[in-house]
Amino acid sequence: AAQFVRAGGAASPVDRVVALIEDLKARILADGKAEQASYDKYACWCEDTLGRKAKDIATGKEQIEELGALIVKLKAEIASHGAEIQQTRKDLAANVEARREATEVRDKEHAGYLEEKTESEQCGGALEAAIKVLAGAGAKRGFLETMQEAQLLSVVAGVKTVFLRPSVSKAMSAKDLDVVKRFVERPEDFVSRGSAFAQLGNNPFGDYAPQSSQIGGILKGMYDSFMASLEKANAEEAKSQGSFERLMETKKAELKTLEDTLQQTESDEASKTKEHADDKELVDDTKRQLKDDEALFQETKVGCKEKAEQWADRTRVRTEELAGIAKAVQILSDPESTKTFEASAESFVQLSSRRSSASAVGQREEAFLKLSGVAKSMQSLRLARLALEVRSGGHFNKVITAIEKMIDMLRQEEKDDAAHKSRCEKSLAKNKLDTEDLEEAIKRGNKTIDRLRSEAGELQESVSELETQINATIEEMEEARKLRGEEIDDRNKALKDDEDAIVLLEKAIAALSKFYKRGGAKESFVEVAGELEGADAPPESPFKGEYKGSTGEGHGVIAILEMIKDDLEKDMEKARSDDAAGQATYQRSMAAIQETLDSQRSTKATNKKDIAALELKIADHEQEVSAQSSDLDAEKQLKEALDKDCDWIEEHFEDRRSKREAEIKGLSEAKMYLQGVDASGKA
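Criteria and thresholds
Residues numbered from 1 in each chain as written. Predicted model: local features only at pLDDT ≥ 70, side-chain atom pairs only at ≥ 80, totals over all residues. Heavy atoms only, no water. Helix = DSSP H or I, 4+ residues; strand = E, 2+ residues; numbered from the N terminus. Buried < 20%, exposed > 50% of the residue type's maximum accessible area, 1.4 Å probe, protein only. Contact = heavy atoms within 4.5 Å. Areas by Shrake-Rupley, 256 points an atom, 1.4 Å probe, with all protein chains shown as cover. Salt bridge = Lys/Arg side-chain N within 4 Å of Asp/Glu carboxyl O. Phe/Tyr/Trp six-rings, centres within 6.5 Å; stacked < 30°, edge-to-face > 60°. Lys NZ or Arg CZ within 6 Å of the ring centre and 35° of its normal. Core = buried A, V, L, I, M, F, W, Y, C linked by side-chain atoms within 4.5 Å. Disulfide = S-S within 2.5 Å. Expected span 1.5 Å × (residues − 1). Arc of directions from axis to C-beta. Patch = residues over 30% accessible without salt bridge, like charges linked within 9 Å, V, L, I, M, F, W, Y side chains within 5 Å. Lys, Arg positive; Asp, Glu negative; His and termini not counted. Charge placed at Lys NZ, Arg CZ, Asp CG, Glu CD. pLDDT = per-residue confidence, 0-100.

**So, the overall build of the protein chain**
Inference 1: Helix and strand content of the protein chain: 13 helices and two strands.
Inference 2: Burial analysis of the protein chain (683 residues in total) assigns 31% to the buried set.
Inference 3: Residue pairs in contact within the protein chain that sit at least 24 positions apart in sequence constitute 85% of those at least 6 positions apart.
Inference 4: On the protein chain, roughly 42300 Å² of surface is accessible, and the fraction owed to carbon and sulfur atoms is 54%.

Below you can see the structure in the form of structure tokens.
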């Protein structure tokens, strides 16, 4: 029976071809549906990614612009703070120098005041003594009998000492000055010669002339002037001391304000320097991220466009393929076509007696069945197409050539899959190593940042401790100045007390010396009267000779008083010497304290510089860690991309290879079969 004729209900070859085509159509539709779902997912990803990256790019550009303006502003503020810090440090130095100069000037003023006070008090004492001695002139007639030469000499010496001061001679009138000069040069001119006294007492000076009252008045005026000047000097000294103390309080408050201002300005500068570094790092990171986002956006845009074009092409080709399949099924299944096939089969039966024709048709049909069987078992669309080509009368040589091309294409596909798999394995291995290296680098960087922050914290604690020490040192300096001032006041008081005591001792010594320290033995009135006779002879006295009194004891008392006076003068000299030594010690101590303060401030400044350097290092490491984190994120994204690209090949590699080998085997068998059929036909 003919091949096209149904026998016993068996399907004809046309029916089998229609069934094969229907199976092919079902597989094409299934593949199209699966590809449609995959493409829809990819298209959704493209839309989301492009939208997100476009937003990120716009945000990044805005952020870069804002940070740029902020960096310029911070740079200007940092420069301003630098100038303020420099000026504040100059003001601090000027404050310290002003307080030093004010203290030095005040010490000189106080020393001059003490010197002037001492001289004024000494001159006042001398004038007061002279006034008291001269106060008795003319008061009573027998005054000169009790006035001694030593007293007059003492008055002259004291007045001469006073007039050695230039200010005294300038303050007096020429007339008074001339009178006093004559009195100092020739005191005997101001004393009258009493004959009775000269005869009885043998006094070389005689009684005071009335001019002693004039001298006393001049000296009294000078004494009042000295006391007024001293009182004025005391008032000016108190005023100067008050002004100095107020100045020191003002300078101290100014120093505290300047130090607080310096500390705040340095803190603001450090804060804004760190903020400036952070913003620069953020700008760099944002620029890198913007560059990556723009590159990804462009690559995604191009890739999505290519994929859309590919999908459109695949959809068009698949639609055309399905249209062709539908057309073929329609043609083969049409009732008229069926009649035609049946009529063709009858005609073929009528011509079946021809051996050559029957043999050729049988070979072609056998080849068709062989190829379609292999195509069906392998589910190979390519083999099915070749089978149809053989069935439709295609030349075997062309089919064999097509099979060879298909085998070559499959082998190339196998090479591509192997290369894809090898590339995936190498890329994944490299990605793993790079990821591990970046994670380890980030870990080390974070440890370094923690260590640097710990060092910066320790330095900050040291700065706080130094600030406490600096305040304590400043308080120590102020306390030393206060103690030194108290020492000076105590010394001045002690010197004043000693000076007053010496003045009193000198007065006591002078009073005792009136009797016990007369120069030479004098003839007594009794010894002279012994030569008188008659009524001029005095009555007999129970004692003879000059009255000596307790001369020995008196001299001893005077010597003791002079020793006490000498001791007081030595004490004053020692006090001045000790004060000079104390001043030197105070200056050395203040220099040492100042050196300590300078060292503390220098250490504080160094620590702050070190903190700023550490903060820059921290910023650098944080920037490096941030860059490494970005690289790590990129590696993770690459891993995701590699997983998407490589999971499919990893999962289907063996299955594709086995199916490919089976398909190659089927194609090879078909090729060998066709070659054998072709060879036998030629034969």
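From this point on, the discussion continues.
**What to know about the environment of Ser120**
Inference 1: Note that Ser120 resides in helix 1 (residues 13-134).
Inference 2: On the basis of relative accessibility, which here comes to 5%, the residue Ser120 falls in the buried class.
Inference 3: Measuring from C-alpha to C-alpha, the distance between Ser120 and Ser229 comes to 8.3 Å, with 109 residues separating the pair along the chain.

**Comments concerning the pattern of salt bridges**
Inference 1: Applying the stated criterion across every chain yields a total of 34 salt bridges.
Inference 2: Here Glu97 and Arg100 are joined by a salt bridge, their closest N and O atoms 2.4 Å apart. Of this pair, Glu97 and Arg100 both sit in helix 1, three residues apart, roughly one helical turn.
Inference 3: Assessed through its relative accessible area of 33%, Glu97 is described here as partly exposed.
Inference 4: The salt bridge involving Asp285 is made with Arg288; its shortest N-O contact spans 2.2 Å. Of this pair, Asp285 and Arg288 both sit in helix 7 (residues 211-333), three residues apart, which is roughly one turn of the helix.
Inference 5: Taking the relative accessible area as the measure of exposure, Asp285 reaches 16% and is therefore buried.
Inference 6: Counted as one network, the salt bridges with shared partners bring together Glu97, Arg100, Glu104 and Lys108.

**Considerations on the packing of aromatic side chains**
The geometry of an aromatic ring pair is captured by two quantities: the separation of the ring centres and the angle between the planes.
Inference 1: The full count for this structure, using the stated rule, is two aromatic pairs.
Inference 2: Measuring from ring centre to ring centre gives 5.0 Å for Tyr39 and Trp311, while their planes differ by 15°; the resulting arrangement is stacked. Residue Tyr39 is located in helix 1, and its partner Trp311 is located in helix 7; the two are separated by 272 residues in the primary sequence. An identical accessibility class is assigned to Tyr39 and Trp311; each is buried.
Inference 3: Seen from their ring centres, Tyr42 and Trp45 are 5.7 Å apart, and the 35° between their planes marks the pair as tilted. Within this pair, Tyr42 and its partner Trp45 are both found in helix 1, separated by three residues, close to a single helical turn.
Inference 4: Trp45 sits in the partly exposed class, given a relative accessible area of 37%.
Inference 5: Here the guanidinium or amino end of Lys307 rests over the ring plane of Tyr42, the centre of that ring lying 5.5 Å away.

**Details of the nonpolar core**
Inference 1: Of all hydrophobic cores here, the largest spans 17 residues; its most connected members are Leu127, Val159, Val162, Leu219 and Met222.
Inference 2: Of all the secondary structure elements, the ones that give two or more residues to this core are helix 1, helix 3 (149-163), helix 5 (174-185) and helix 7.
Inference 3: When residues of this core are assigned to their parent elements, the largest contribution, six residues, is made by helix 7.
Inference 4: Counting twelve residues, the second-largest nonpolar core is a separate cluster that includes Leu459, Ile611, Leu614 and Leu632.

**A short note on the state of the cysteines**
Inference 1: In this structure the tally under the stated criterion is two disulfides.
Inference 2: One disulfide in the model links Cys46 with Cys304; its S-S distance is 1.9 Å. Residues Cys46 and Cys304 share a disulfide whose torsion about the S-S bond is about -95°; that sign makes it left-handed. Of this pair, Cys46 sits in helix 1 while Cys304 sits in helix 7, and the two are 258 residues apart along the sequence. As far as the burial class goes, Cys46 and Cys304 line up, both buried.
Inference 3: Going through the protein chain in sequence order and numbering each bonded cysteine, the pairs you get are 1-2, 3-4.

**Remarks on helix 5**
An α-helix turns once every 3.6 residues. As a result, residues three or four positions apart point the same way.
Inference 1: Helix length check: helix 5 (twelve residues) gives 16 Å between terminal C-alpha atoms against 16 Å at 1.5 Å per residue, within 8%.
Inference 2: Within the span of helix 5, buried status applies to Leu177, Val179, Val180, Phe183 and Val184. In a view along the axis of helix 5, the buried residues occupy a sector of 160°, so they form one face of it. In helix 5, the exposed positions that point more than 90 degrees away from the buried face belong to Ala174, Lys175 and Glu185.

**Focus on a negative patch on the surface**
Inference 1: Judged by side-chain charge, Asp566, Asp567, Glu569, Asp571 and Glu573 come together as a negatively charged surface patch.
Inference 2: Its place among the elements puts Glu569 in helix 13 (residues 551-682).

**A closer look at the confidence of the model for the protein chain**
Inference 1: Here the protein chain averages 75 in pLDDT, and 71% of its residues register 70 or above.
Inference 2: Taken together, the stretch residues 518-532 has pLDDT below 50 and engages in 13 contacts with residues farther than four places along the chain or on a different chain.

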